[in-house]
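Reading the structure
Residues per chain are reported as follows:
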Amino acid sequence: MRGIVGRSVAIALALCLWASVASAQATAPSPDGSADDSLPTLSFGEAALRNVDGWRETGRTTGVQIDGRIATLGAPVVLGDRLVSVGRLCEPAAEACEAVGWHSTDGVEWTAARLPGEAPTVDATAAAPTRMVAVGQVGADEVEGTVWITADGLDWILAPAATPKFTRDVAATDQSIVLRAMKCLWASADGSAWTEIEGPQDVLGLESGPGGFLAWTGGRISKDVYVPAQAWRSADGTDWTELK
């Protein structure tokens, strides 16, 4: 199993190097199960597979061109029996981009799923064993912070409660979601309500793992202000303990 997953991840990570072999295929399903002609399926063929074992950096690409649009994929994660990534579909002529989810069972064929909401943009993603979380904004005129959650990479749920704007990081376990916004932490079980955390301040980084959450604070706060770095740990994302 590890070999299969490792090979799939390697193929997925190779997408940025071998984007020129991608092509659009038939229609992709929309979140409600109906056909959606506006979302493509990406296929990375045998040329990509042949080049995975022999890495050679050829420069960075901005994405895959499909029918005048640019498709990009973010770093993939393993979610159940699928690889899941969050990326964008952009129309350069209109200077407009839409955040979409991508999913694949083999790292070669990728299908897009639309993220609900008006004009969605994604700032950060995180994965737990049974779900993936994306944070960003929705709205064209009045922008509102939000969270999307998926259990399988196919269907994305827009969380009902707005989040703080300008979210920089997100971390997740199966029980909790923690955001870093404006150097403060916010926690929620499922995105239905958010609580600002009284604990770590001036947070610079956030991660999650089997034991819960880890945050680090301090460093350069402003041009002339430095605060000693500290690490904080939490099992549930709500109660935090400074590590000394």
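Thresholds, definitions, all that
Residue numbers here run from 1 along each chain, matching the order of that chain's written sequence. Local features in this predicted model are restricted to residues of pLDDT 70 or higher, and side-chain atom pairs are both shown and tallied only at a pLDDT of 80 or more, whereas totals for entire chains, interfaces and linings draw on every residue. With hydrogens and water set aside, each side-chain value is computed from the structure's full complement of heavy atoms. Think of it this way: any DSSP run of H or I at least four residues long counts as a helix, any run of E at least two long counts as a strand, and we number them from the N terminus. The rule is simple: take the accessible area with a 1.4 Å probe, protein chains only, and divide by the maximum for that residue type; under 20% is buried, over 50% is exposed, in between is partly exposed. Note on contacts: a residue pair qualifies if any of its non-hydrogen atoms lie within 4.5 Å across the two residues. By disulfide we mean two sulfur atoms from cysteines, separated by a distance within 2.5 Å. In this analysis, strands are considered paired if DSSP registers two or more bridges between them. One number per residue, pLDDT, summarises how confident the predictor is, and it ranges from 0 to 100.

For the chain, the helix and strand inventory stands at two helices and 22 strands. The proportion of buried residues among the 244 residues of the chain is 43%. Long-range contacts, defined as pairs at least 24 residues apart, comprise 41% of the intrachain contacts of the chain with a sequence gap of at least 6.

It is worth spelling out the state of the cysteines at this point. Counted under the stated rule, the structure contains one disulfide. There is a disulfide in this structure between Cys90 and Cys97, and the S-S distance comes to 2.1 Å. Residues Cys90 and Cys97 are joined through a disulfide that is right-handed, its torsion about the S-S bond being 110°. In this structure Cys97 comes out as partly exposed when scored by relative accessible area, which is 36%.

The subject of this paragraph is the sheet that holds strand β18 (residues 195–196). With antiparallel pairing, the four strands of this open sheet are ordered in space as β15-β16-β17-β18. Sheet topology places β15 (167–172) and β18 at the edges, where each strand pairs with a single neighbour. The pairing of strand β17 (residues 184–188) with β18 spans two bridges and is classified as antiparallel. Each bridged residue has a counterpart across the sheet, and for Ala187 the counterpart in β18 is Thr195.

This paragraph deals with the confidence of the model for the chain. Averaged over the chain, the pLDDT score is 75; the fraction of residues at 70 or greater is 73%. The secondary-structure element of the chain with the lowest mean pLDDT is strand β1 (residues 22–24), recorded at 37, while strand β14 (residues 156–158) shows the highest, at 92. A low-confidence stretch, residues 1–35 stays under pLDDT 50, and its non-local contacts, those more than four residues away or across chains, total 76 contacts. When the criterion is pLDDT under 50, residues 45–62 qualifies, and its contacts beyond four places in sequence or with other chains add up to 23 contacts.

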